[in-house]
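Here is what each chain is made of, one letter per residue.
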Amino acid sequence: MAVSKYILVSLPLRGSTASSSSTWENLQRDISKIAFDIPTYKFHIPDLRVGTLDSLLALSDDLTKANSVVEGVTHKVKRQIDELERVAIADSSALAVDGVPIDSYVTRFSWDEAKYPTMTPLREVVDAIQDSVAKLEDDLKVRVAEYSNVKTQLSTILRKQNGSMAVRDLSDLVKADDVVNTEHLVTLLVVVSKYSQKDWLSHYETLSSFVVPRSSKKLSEDNEYALYTVTLFRKVADTFKTSAREKGFQVRDFEFDPEDQTQRKEDLDHLQHDQEMLQSTLLQWCYASYGEVFSSWMHICAIRVFTESILRYGLPPQFLAAVLAPSAKNEKRVRTTLENLCDGRNSAFWKSDEDSGMMGLAGGDADVHPYVSITVNLSS
């Protein structure tokens, strides 16, 4: 079963004998006691440029907001992919970052030094990520709007073609030899209730004078109505329409135009082609953009873990970052284990409490823990 939620944590390296390797061994040992199949990996964060504690504190507040925005765009692209895949003919592709499946990218995260040099101030890195994600979101809006516009136009045409006989477009139901249109004669199209057809055939010749006998022919029928023609003298057309309406028969306004029918068919074909092309292009773009925005989100998460760890545990940076994927039933026990691996002297201070003075360093999660904890939900 695919993992839909990860927990990024950092544990302090306490005591003179504590090291990253020993803390990692303790973490693996204690987590395996809960369940042998809980995914647990190191979360590799390089030595980023620290700056001052004041700058980190200010950045911490902004990181929570930045995370919310980038995460939101990530889920927005994912929802667009899901929507397109429901109507796409092609097989769906696995989500990935530069060819690496999302699960593997999270559990084997590696900082992109070429894109975000570690010597760059963290504020500049965060601003660069937000700028690129904002541009991606704007591009998504433009592409979706273009696709939606064509889709709406096509849906409107198809709805007219497939709707009730009383309201739908009739051009595809009528052929040239179905109508008479001369100086003196005209053919009308009449919508008759499915259950009133006998009544129509018995009385249409009497609805006005100058109706051509036996001129009515059924062209089509749906679940509610039937479409009939009737030919009469042009001069009595208005009288016939009035009498037909009084009898419950609807005369549709229609003028047969072969050139117009050809143009409608060409427009429909063109819109169908445009929709297929835009759908395919948008889906390909979303796959590529999801990888880009997801990578941006994970780099924001890495900066959050790094920043919160320093604010929690102090300088120089001494912490072990890890990524875990416990099941819902095991998460509470995993968190208890993580608390036990922290310095017990401060654990009580980090319990959820309205009076806790450290609620601001909770890393954006609803619960407060004695270790840094950031949740990554892959599903929106």
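From a predicted model like this one, the values you see are computed outputs, not experimental measurements. (Residues numbered from 1 in each chain as written. Predicted model: local features only at pLDDT ≥ 70, side-chain atom pairs only at ≥ 80, totals over all residues. Heavy atoms only, no water.)

Overview of the packing of helix α4 (residues 122-162) against helix α7 (residues 258-313)
Thinking step 1. It is the contact of α4 with α7, at a shortest axis distance of 9 Å, that shows an interaxial angle of 155°. Relative to α7, the element α4 is oriented roughly antiparallel. Where α4 crosses over α7, the two elements pack in a sense that is left-handed.
Thinking step 2. Looking at the contact of α4 with α7 residue by residue, the classes come out as 23 nonpolar, 11 polar and 6 charged. (Axes fitted to C-alpha atoms, helices over the stretch in contact; angles between N-to-C directions. Helix = DSSP H or I, 4+ residues; strand = E, 2+ residues; numbered from the N terminus. Parallel < 35°, antiparallel > 145°, perpendicular 65-115°, else oblique. Left-handed = near helix turned anticlockwise from the far one by under 90°. Nonpolar A, V, L, I, M, F, W, Y, C, P; charged D, E, K, R; others polar.)

Thoughts on the pairing of strand β5 (residues 185-193)
Thinking step 1. Across the 9 residues that make up β5, a large majority, 7, are buried.
Thinking step 2. The pairing of β5 with strand β8 (residues 250-252) spans 3 bridges and is classified as antiparallel. Bridge pairing links Val191 to Gln250 in β8. (Buried < 20%, exposed > 50% of the residue type's maximum accessible area, 1.4 Å probe, protein only. Pairing = 2+ DSSP bridges.)

A word on the pairing of strand β7 (residues 225-233)
Note on strand geometry: in a regular strand, side chains alternate between the two faces of the sheet.
Thinking step 1. Burial of β7 is extensive: 7 of the 9 residues sit out of reach of the surface.
Thinking step 2. One ladder, built from 9 bridges, connects β5 with β7; its direction is antiparallel. Bridge pairing in β7 places Val190 opposite Tyr228.
Thinking step 3. In this antiparallel pair of consecutive strands, strand β6 (residues 217-221) and β7, the connection spans 3 residues.

Brief notes about the side chain of Arg312
Thinking step 1. Residue position: Arg312 is located in helix α7.
Thinking step 2. From its side chain, Arg312 meets the backbone oxygen of His369 in a polar contact 3.1 Å long.
Thinking step 3. Only 3.1 Å separates the side chain of Arg312 from the backbone oxygen of Tyr371, close enough to count as a polar contact. (Polar contact = N/O pair within 3.5 Å; in protein donor to acceptor, adjacent residues only side chain to side chain.)

Description of the packing of aromatic side chains
Thinking step 1. The tally for this structure, following the rule as stated, stands at 12 aromatic pairs.
Thinking step 2. With 6.2 Å between their ring centres and 65° between their planes, Tyr105 and Phe294 make a pair best called edge-to-face. Linking Tyr105 in helix α3 (residues 102-107) with Phe294 in helix α7, this pair joins segments that are 189 residues apart in sequence. Accessibility assignment for this pair places Tyr105 and Phe294 in one class, buried.
Thinking step 3. Relative to Phe319, the ring of Phe306 has its centre 6.3 Å away and its plane inclined at 70°; by these criteria the two rings are edge-to-face. (Phe/Tyr/Trp six-rings, centres within 6.5 Å; stacked < 30°, edge-to-face > 60°.)

A few points about the pattern of salt bridges
Thinking step 1. Summed over the entire model, instances satisfying the criterion amount to 13 salt bridges.
Thinking step 2. Residue Asp62 is joined to Arg123 by a salt bridge in which the shortest nitrogen-to-oxygen separation is 2.7 Å. Taken as a pair, Asp62 in helix α2 (residues 53-87) and Arg123 in helix α4 lie far apart in primary sequence, 61 residues in all.
Thinking step 3. With a relative accessible area of 26%, Asp62 lands in the partly exposed category.
Thinking step 4. Between Lys218 and Glu221 there is a salt bridge; the shortest N-O distance is 2.8 Å.
Thinking step 5. The exposure class of Lys218 is partly exposed, given its relative accessible area of 40%. (Salt bridge = Lys/Arg side-chain N within 4 Å of Asp/Glu carboxyl O.)

Structural notes on helix α1 (residues 20-34)
Thinking step 1. In a regular helix each residue adds 1.5 Å, so 15 residues correspond to 21 Å; α1 covers 22 Å between its end C-alpha atoms and thus fits that length.
Thinking step 2. For α1, the set of buried residues is Thr23, Trp24, Leu27, Asp30, Ile31 and Ile34. One side of α1 holds all its buried residues, which, seen down the axis, span an arc of 140°. Facing away from the buried side of α1 by more than 90 degrees, the exposed set consists of Glu25 and Lys33.
Thinking step 3. Against the buried residues of α1 lie β1 (5-12), β2 (40-42), β9 (319-324) and α8 (331-340). (Expected span 1.5 Å × (residues − 1). Arc of directions from axis to C-beta. Contact = heavy atoms within 4.5 Å.)

A word on the layout of surface pockets
Space left empty within the atom packing is revealed by a probe, the size of a water molecule, rolled over the atoms.
Thinking step 1. Roughly 330 Å³ of internal volume is contained in the largest pocket.
Thinking step 2. Together, 16 residues line the largest pocket, and Val3, Ala325, Pro326, Ser327 and Ala328 are the ones closest to its centre.
Thinking step 3. Split by residue class, the lining of the largest pocket holds 9 nonpolar, 3 polar and 4 charged. (1 Å grid on protein atoms, 1.4 Å probe; cavity = no way out; pocket = protein on both sides within 12 Å on 5 of 7 lines; lining within 4 Å. Points joined across faces, edges and corners; volume = space filled by probe spheres on them.)

Quick look at the sheet that holds β5
Thinking step 1. Taken together, 4 strands build an open sheet; the order of strands is β6-β7-β5-β8 and the sheet is antiparallel. A single partner strand is all that each edge strand has here, and the edge strands are β6 and β8. Taken over all neighbouring pairs, the strand axes of this sheet differ in orientation by 35° on average, direction set aside.
Thinking step 2. Here 4 bridges tie β6 to β7, and the two strands are oriented antiparallel to one another. Bridge pairing in β7 places Lys217 opposite Thr229.
Thinking step 3. In the packing of helix α6 (residues 237-246) onto the sheet, contacts are made with β5, β7 and β8, and the angle to β5 comes to roughly 5°.

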